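# Chain and residue survey
Spelled out, the chains give:
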Amino acid sequence: MRLTWLLLLFSTALSAQTDPRIYDIIANVSAERIEKDVTTLANFGTRHTLSDTLSATRGIGAARRWIKAEFQKISEGCTGCLEVAYQKDLVKKGENERITKDVWVVNVVAIQRGTKYPNRYIIMSGDIDSRVSDPNDFTSDAPGANDNASGMAGTLEAARVLSKYTFESSIVYLGLSGEEQGLFGGQGLVNMAKEKNWDIIGVFNNDMIGNIKGVDGIISNTDFRIFSEPVPPTETERQRNMRRFYGGEVDGISRQLARYVHKNVRVYMPEMNPMLIYRLDRFGRGGHHRPFNDAGYAGIRIMEAHENYTQQHQDIRVENEISYGDVLEHVNFMYAKKLTAVNAINLASLAWAPPAPEKVWIGGMVAPATKLKWSKVAGAKGYKIYWRDTTSPTWDHSRYVENVTDFTLQGIVIDNYLFGIAAVGENGSESVVVFPNDIMK
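Values in this document were obtained by computation on a predicted structure and should not be read as measured data.

Thresholds, definitions, all that
- Residues numbered from 1 in each chain as written.
- Predicted model: local features only at pLDDT ≥ 70, side-chain atom pairs only at ≥ 80, totals over all residues.
- Heavy atoms only, no water.
- Axes fitted to C-alpha atoms, helices over the stretch in contact; angles between N-to-C directions.
- Helix = DSSP H or I, 4+ residues; strand = E, 2+ residues; numbered from the N terminus.
- Parallel < 35°, antiparallel > 145°, perpendicular 65-115°, else oblique.
- Left-handed = near helix turned anticlockwise from the far one by under 90°.
- Contact = heavy atoms within 4.5 Å.
- Nonpolar A, V, L, I, M, F, W, Y, C, P; charged D, E, K, R; others polar.
- Core = buried A, V, L, I, M, F, W, Y, C linked by side-chain atoms within 4.5 Å.
- Buried < 20%, exposed > 50% of the residue type's maximum accessible area, 1.4 Å probe, protein only.
- Phe/Tyr/Trp six-rings, centres within 6.5 Å; stacked < 30°, edge-to-face > 60°.
- Pairing = 2+ DSSP bridges.
- Disulfide = S-S within 2.5 Å.
- Polar contact = N/O pair within 3.5 Å; in protein donor to acceptor, adjacent residues only side chain to side chain.

Turning to the packing of helix H2 (residues 20-28) against helix H11 (residues 333-352), a few remarks are in order. The contact between H2 and H11 brings their axes to 9 Å, and the two run at 150°. Considering their axes alone, H2 and H11 lie roughly antiparallel with respect to each other. Where H2 crosses over H11, the two elements pack in a sense that is right-handed. Where H2 abuts H11, its residues Arg 21, Ile 22, Ile 25, Ile 26 and Ala 27 lie against Lys 337, Ala 341, Ala 344, Ile 345, Ala 348, Ser 349 and Trp 352. Residues of the contact of H2 with H11, tallied by class, amount to nine nonpolar, one polar and two charged.

Given below as C-alpha cells:
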C-alpha cells in the first residue's frame, strides 16, 4: 500500500514538473527587436504580392530579401543552425480575380534542423504581403504594420530566441507570400512539403498579433484567440462513421494542437487568457493555416482577440474623424512580444518532445472501467492518459504511466468522458494528445 502511494505521488510530481528553459525563452523575447522589425517592414511602403520586386527600398521584393538576410544573420549567430532559402511558384494571370498579372509568389524558409527527428517539423509562419482597400491596388502605400508585419516580426524573433537551443525535431520559421491574393504562399509550401515527405506535427499561423484595442472598444493586452477546425477535411468515410458512434466531433488533430497551446500557456504564462475558438478561422474569412489543413496537416491560427477593422485592408485616410489604415501607431509591441512568446514556448515544447503515439485503441463498452492501449513510442519515458467531460473544451484529468502501453482506468465509465494519450520524454516534454483512432472489442 505504501509503495503504491509513493508511486502515485512520484507520477503526480513528474506530471506537474515545469521546464526552466521555457521561462528563459519567455524572458528572452524582445519587444524592442519586434518593434524594430515591424518598423522596417512597414517602411517598405507596400508589400503587396504584385508590387515592385526590383527596388531596394520599396515593394515585396525588397521585403523578402530583407527577411532572408535577417534569417541568415540569425544563422551566423548560431554557427549556421538555420537552412535559409526561398521557395517560389509562378502564379499565372487570371488564376483568380486578384491575380491581374503573372507573378512569382516567393516564400522565405528557415529550417532549424532537429538532432533526432530531422524530418519532423513544427512550423511558425507570418505573412509577408500587405494590401489596401482595393485588393488589386499594388502601388498605393500599404504599410501592413499589424497585418501582418507583426506576425512576420514575431516569426523572426522566435528564430532569434530558439536558435540558441538544440531540439530533437525540426522547427521551420516561415515567411509566406500571396496570402491576400488567395493563400498562394501556403499552398506552395504545402506542395513542397508533400514532395519532400515532410512529417508536419503542426503549423502555428500568426496573422495579426499586435492590436489590443478592438473596434468594439474593448482593450486587452492579455486576451488572444486560437482558431482550430474540428476535424480534418481529409478524413475518410470510415472515420466519419466511427465518429457517430464513438465520438470525436471536436477532437481532430488541429483541435488537439490548439489544446496543447492552451495548456502550455496556462502553465507558463498564467497572466494570458488563451481563447479556444471552435472555428477554422473568423466568420467567412481565411488565413494561411488553411492550405495545411486542406492537405490534412494540423494547423491553427494564433491572433489578437479584439480586432479593429478600421485598421485592416484600408486606404490610409481620415474619414468622419476616424483614422483608417494599418500603421505603426496602432501596434502594441509588448502584446506582440507576449504572443511571440506563446509561439516560441510551444515550438520548443513540441520540438523537445517525443513523437505522439501513432495508434490509440479504446474499449470498455458496458463496463465500469475504460481500457486504453497505444503504440509504443521510441524515446518516450512514459505516457500521459488524459480524459475530460464530453462537454469540456480542455483535457482536465490525467494519469502518468511508465513501462506500459496499455492501461485500465478503473471506475471511469467510458460513456461519460473523452480520452487521449500523449507521449512524455525524459525531460518531461509532451507530445500532442492523440484521440483514440481504433476500437478494442
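Another point: the nonpolar core. Ile 25, Phe 71 and Tyr 173 are the most contacted members of the largest nonpolar core, which has 69 residues in total. No other element matches H11, which puts 13 residues into this core. If we ignore the near neighbours within four places in the chain, the residues touching Phe 71 are Leu 82, Val 84, Val 108, Ala 110, Met 152, Thr 155, Leu 156, Ala 159 and Tyr 173. By size, the runner-up hydrophobic cluster in this structure holds 17 residues, among which are Leu 409, Ile 412, Phe 419 and Val 434.

What follows deals with the packing of aromatic side chains. Tallied over the full model, the rule gives nine aromatic pairs. Ring centres of Phe 44 and Trp 66 lie 6.5 Å apart, and the angle between their planes is 55°; on these two criteria the pair is classed as tilted. Note that Phe 44 is positioned in the loop between helix H3 (31-42) and helix H4 (60-76) and Trp 66 in helix H4, a separation of 22 residues in sequence. Like Phe 44, the residue Trp 66 is buried in the burial classification.

This brings us to the sheet that holds strand S17 (residues 438-439). As a general point, the strands of a sheet are linked pairwise by backbone hydrogen bonds and lie either parallel or antiparallel. Strand order in the open sheet made by the four strands is S15-S12-S11-S17, with mixed pairing throughout. Each of the sheet's edge strands pairs with one partner strand only, and the pair in question is strand S15 (406-410) and S17. Two elements, strand S11 (residues 360-363) and S17, share two bridges in a ladder whose sense is parallel. From the neighbouring strand, Ile 362 faces S17, where its bridge partner is Ile 439.

Let's shift gears to the packing of H3 against H11. For any two helices packed against each other, the geometry comes down to the angle between their axes and how far apart the axes lie. In the contact formed by H3 and H11, the axes pass within 8 Å of each other and the chain directions differ by 105°. For the element pair H3 / H11, the angle class is roughly perpendicular. Between H3, through Ala 31, Ile 34, Glu 35 and Val 38, and H11, the contact on the second element is made entirely by Phe 333, Met 334, Ala 336, Lys 337 and Thr 340. Across the contact of H3 with H11, the residue classes tally to six nonpolar, one polar and two charged.

This brings us to the state of the cysteines. Here the structure, examined in full by the defined rule, presents one disulfide. Cys 78 shares a disulfide with Cys 81; S-S distance 2.0 Å. Its S-S torsion of about -75° marks the bond between Cys 78 and Cys 81 as left-handed, since a negative value means left-handed. Judged by its relative accessible area of 22%, Cys 81 is partly exposed.

This part covers the sheet that holds strand S7 (residues 273-277). Pairing is mixed across the open sheet formed by eight strands, whose spatial order is S1-S2-S4-S3-S5-S8-S6-S7. Each having just a single partner strand, strand S1 (82-91) and S7 make up the two edges of the open sheet. Strand-to-strand, the axes of this sheet are offset by a mean angle of 25°, without reference to chain direction. Where strand S2 (residues 103-112) and strand S4 (residues 169-176) come together, five bridges link them in antiparallel fashion. Among the inter-strand pairings, Val 109 is bridged to a residue of S4, identified as Leu 174. The strands that helix H5 (residues 145-162) touches are S2, strand S3 (117-127), S4, strand S5 (199-206) and strand S8 (299-304); relative to S3, the one it contacts most, it runs at about 145°.

Right, let's talk about the environment of Leu 339 for a bit. Looking at where Leu 339 falls in the secondary structure, it is placed in helix H11. Measuring from C-alpha to C-alpha, the distance between Leu 339 and Asn 206 comes to 8.8 Å, with 133 residues separating the pair along the chain.

Residue Asn 148 is bonded to the preceding Asp 147 through a cis peptide linkage, with omega at 5°. Its location among the elements puts Asn 148 in helix H5. The phi torsion at Glu 321 lies on the positive side, around 65°, for a residue other than glycine. With respect to the element layout, Glu 321 can be found in the loop between strand S9 (317-319) and strand S10 (322-324).

Quick look at the side chain of Ser 130 now. Position of Ser 130 relative to the elements: it lies in the loop between S3 and H5. Residue Ser 130 is classed as buried on the basis of its relative accessible area of 0%. At 3.0 Å, the side chain of Ser 130 and the backbone nitrogen of Arg 47 are in polar contact. At 2.6 Å, the side chain of Ser 130 and the backbone oxygen of Ala 142 are in polar contact. Apart from the residues within four sequence positions on either side, Ser 130 is in contact with Thr 46, Arg 47, His 48, Ala 142, Gly 144, Asp 147 and Glu 180.

Bear in mind that shape data such as this cannot, by itself, settle questions of function.
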